[in-house]
Amino acid sequence: MKDDRGSPTAVETFARQIVAIAEHGDRAAFGALFGHFAPRVKAYLMRLGAPAAVAEELSQEAMLLVWRKAAYYDPRKSQASTWIFTIARNLRIDAIRREAHPELHPDEPALTPSQPPAVEETIAANQQEQRLRAALKVLPPDQAEVVALSFFADKAHGDICRDLGIPLGTVKSRLRLAMKRLRAALGDVL
Amino acid sequence: MTPTHHPSDATLFEYGGGSLSEPLALVVVTHISMCTECRDRLAEIEAIGGVMLEDLEPEALAPAAFARTLARLDEGATASSREIPRPASGGPFARSPLAPYLGDVADLPWKRLGRGIETVDVVRRRGRETRATLFKVARGTPLPSHGHRGREMTVVLEGKLYDEGGAFVAGDFIEHDADIIHRPSIPADEDCLCLIAVEGRLKFQGVFGRLIPLFVDI
Ligand SMILES: [Zn+2]
């Protein structure tokens, strides 16, 4: 899978697999998603400091949530990786930090599950992931560092700036500049 | 109406990355629920999170992991998700991210904090010192000048609030770092409802120091 990682085909396949779970409890699709994402969710949790055994358990729980919440996934709005990232993030906050991650209300019109999307509509933005990955690769290292820390440190930026020995304003401006570049790379894809 | 004051990119990265404490995150997402622009900004940040997840070096699971997961699925076991019970619908917060925190919105436990000011404790975390509070302030009520031990984030829900940086109306988001001393105020002709989250106790000063007993819990 490594070779076509993030390719439009792979991205679209994952999205279809989530939809297949929602539509007819497709266990083969679930197995494929599990094989790809569970080891990455485990890596994410370990990167954030969870012991391997805890990360193992929680990555299985995260995949159970993928199964349970599949009907809420809308492939027109997000990539499979984005959606599974938010599930893993929220589960970690719940299980490890013992807090909730407040979310938009599920009855928000923008979030209510709609009719299953037509295949042609699926992943209108299927190149988004490739473009983002390419843009992230060419971020200046100081910007890339604070972006990565935003996801993998579980620290407020006030603590990150102390760790890096730079002013808080610098952390903020690096993130602003990074976001500007990434947004430009996405163009009108989003 | 479209808000014109938004969270910084840094703050959205904290919300999207998951490092923001729950009370502050609640203020941010309440703004997002009122702001299509920030909904798009958040989608971009979460998409970055997806790429980051995708690009991590995978950590192999135990050989029986998938079989175990399927077995749990068949048991109908659910994760220990602390999904907050959905309150009865209706009321101004029915479809707000605040809804799960408020319970019956028709019967909020408003607490009088002083003349013209009522509050509801929404959520407290981290030794209860970081918290989000609903404030209902009657028109013209003076507010105390204060400093912070931590950050303060506010979203205006109804009415208008004056603070550093101008006038803020429904949907607008205001954030202050720990080092600022400020004195928000309310217009003379309009009540204000807002959600404010702070880290650490406030530091009051000046003539309003005498109000400290009233504000000792905020
Ligand atoms: Zn906004």
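No experiment lies behind these values; they were computed from the predicted model shown. (Residues numbered from 1 in each chain as written. Chains lettered and ligands numbered in written order. Predicted model: local features only at pLDDT ≥ 70, side-chain atom pairs only at ≥ 80, totals over all residues. Heavy atoms only, no water.)

### Some words on the coordination of the zinc ion
Residues and elements named next belong to chain B. Coordination of the zinc ion by the protein comes from His6 (ND1), His31 (NE2), Cys35 (SG) and Cys38 (SG), over a distance range of 2.0 to 2.3 Å. In terms of primary sequence, the donors binding the zinc ion are separated according to H-x24-H-x3-C-x2-C. Since its relative accessible area comes to 1%, Cys35 is described here as buried. Given a relative accessible area of 0%, Cys38 falls into the buried group. (Donors = N, O, S within 2.8 Å, 3.2 Å for Na, K, Ca; no water. Buried < 20%, exposed > 50% of the residue type's maximum accessible area, 1.4 Å probe, protein only.)

### Concerning the packing of aromatic side chains
All names here are of chain A. Overall, the coordinates contain 10 aromatic pairs over all chains when judged by the stated rule. When the centroid spacing of 5.9 Å and the interplanar angle of 80° are considered together, the rings of Tyr44 and Phe85 count as edge-to-face. Taken as a pair, Tyr44 in helix α2 (residues 27-47) and Phe85 in helix α4 (residues 80-97) lie far apart in primary sequence, 41 residues in all. The pair formed by Tyr44 and Phe85 is uniform in burial state, with each residue classed as buried. Both rings, one in Tyr73 and one in Trp83, keep their centres 5.2 Å apart while their planes meet at 50°; by these two values the pair is tilted. Of this pair, Tyr73 sits in the loop between α3 (52-69) and α4 while Trp83 sits in helix α4, and the two are 10 residues apart along the sequence. The exposure classification of Tyr73 matches that of Trp83, with both residues buried. (Phe/Tyr/Trp six-rings, centres within 6.5 Å; stacked < 30°, edge-to-face > 60°. Helix = DSSP H or I, 4+ residues; strand = E, 2+ residues; numbered from the N terminus.)

### Here's the deal with the layout of surface pockets
By volume, the second largest pocket amounts to about 290 Å³. What lines the second largest pocket is a set of 22 residues, among which Ala156, Gly158 and Leu168 of chain A together with Arg151 and Glu199 of chain B lie closest to the centre. Breaking the lining of the second largest pocket down by element, the ones donating at least two residues are α7 (157-164) and α8 (168-186) of chain A together with α1 (9-17), β5 (152-158) and β8 (173-176) of chain B. Broken down by element, the residue count for the lining of the second largest pocket peaks at five residues, all from α7 of chain A. Considered class by class, the residues forming the lining of the second largest pocket number six nonpolar, six polar and 10 charged. (1 Å grid on protein atoms, 1.4 Å probe; cavity = no way out; pocket = protein on both sides within 12 Å on 5 of 7 lines; lining within 4 Å. Points joined across faces, edges and corners; volume = space filled by probe spheres on them. Nonpolar A, V, L, I, M, F, W, Y, C, P; charged D, E, K, R; others polar.)

### So, the packing of α1 of chain B against helix α3 (residues 36-54) of chain B
Residues and elements named next belong to chain B. For the pair α1 and α3, interaxial distance at closest approach is 9 Å and the crossing angle is 55°. Looking at the two axes, α1 sits oblique to α3. Classified by chirality, the crossing of α3 by α1 is right-handed. Touching Asp9, Leu12, Phe13, Tyr15 and Gly16 of α1 are Arg41, Leu42, Ile45 and Ile48, all from α3. The residue makeup of the contact of α1 with α3, split by class, is six nonpolar, one polar and two charged. (Axes fitted to C-alpha atoms, helices over the stretch in contact; angles between N-to-C directions. Parallel < 35°, antiparallel > 145°, perpendicular 65-115°, else oblique. Left-handed = near helix turned anticlockwise from the far one by under 90°. Contact = heavy atoms within 4.5 Å.)

### Describing the sheet that holds β8 of chain B
Residue and element names in this part refer to chain B. On the basis of which strands lie adjacent, the open sheet formed by six strands has the order β1-β2-β3-β10-β5-β8 and antiparallel pairing. Lying at the two open borders of the sheet, with one neighbouring strand each, are β1 (111-114) and β8. When the angles between neighbouring strand axes are averaged without regard to direction, this sheet yields 30°. Here β5 runs beside β8; their pairing, made up of four bridges, is antiparallel. Residue Val155 lies in a different strand from β8, and its bridge partner there is Phe173. Strands β2 (117-125), β3 (130-137), β5, β8 and β10 (192-199) of the sheet are contacted by helix α2 (residues 22-33), whose axis makes an angle of about 145° with β10. (Pairing = 2+ DSSP bridges.)

### Observations regarding the domain arrangement of chain A
Along its sequence, chain A is organised into domain 1 (10-100) and domain 2 (119-183). Averaged C-alpha coordinates put domain 1 of chain A and domain 2 of chain A at centres separated by 21 Å. (Domains from an automatic or database assignment.)

### Concerning the side chain of Ser81 of chain A
Assignment of secondary structure puts Ser81 of chain A in helix α4. You can call Ser81 of chain A buried: its relative accessible area is 2%. Here Glu129 of chain A takes part through its side chain, which lies 3.0 Å from a polar atom of the side chain of Ser81 of chain A. Not counting residues within four places of it along the chain, the set of residues in contact with Ser81 of chain A comprises Phe37 and Glu129 of chain A together with Gly50, Val51, Leu53 and Glu54 of chain B. (Polar contact = N/O pair within 3.5 Å; in protein donor to acceptor, adjacent residues only side chain to side chain.)

### A short note on the interface of chain A and chain B
Each partner contributes to the interface: chain A provides 75 residues, whereas chain B provides 64 residues. Roughly 6,500 Å² is buried in total at the junction of chain A and chain B, and carbon and sulfur atoms are behind 59% of that figure. At the junction of chain A and chain B, the tally comes to nine salt bridges. Measuring nitrogen to oxygen at the nearest pair gives 2.5 Å for the salt bridge that ties Arg27 of chain A to Asp74 of chain B. Connecting chain A to chain B are 21 residue pairs in polar contact (both at pLDDT 80 or more). Secondary structure elements with two or more residues in the side of chain A that touches chain B: α2, α3, α4, α5 (128-137), α6 (141-152) and α8 of chain A. Ranked by residues supplied to the side of chain A that touches chain B, first place goes to α2 of chain A with 15 residues. Of the residues that constitute the side of chain A that touches chain B, the class distribution is 35 nonpolar, 13 polar and 27 charged. (Buried area = accessible area lost by both parts, 1.4 Å probe. Salt bridge = Lys/Arg side-chain N within 4 Å of Asp/Glu carboxyl O.)

### Here's the deal with α2 of chain A
Residues and elements named next belong to chain A. A rise of 1.5 Å per residue sets the reference length of α2, with its 21 residues, at 30 Å; its end C-alpha atoms lie 29 Å apart and thus fit the reference within 8%. The principal kink in α2, of about 35°, is found at Phe34. The N-cap residue of α2 is Asp26: its side-chain oxygen and the backbone nitrogen of Ala28 are 3.0 Å apart. (Expected span 1.5 Å × (residues − 1). Bend = angle between axes of the 7 residues up to and from the residue.)

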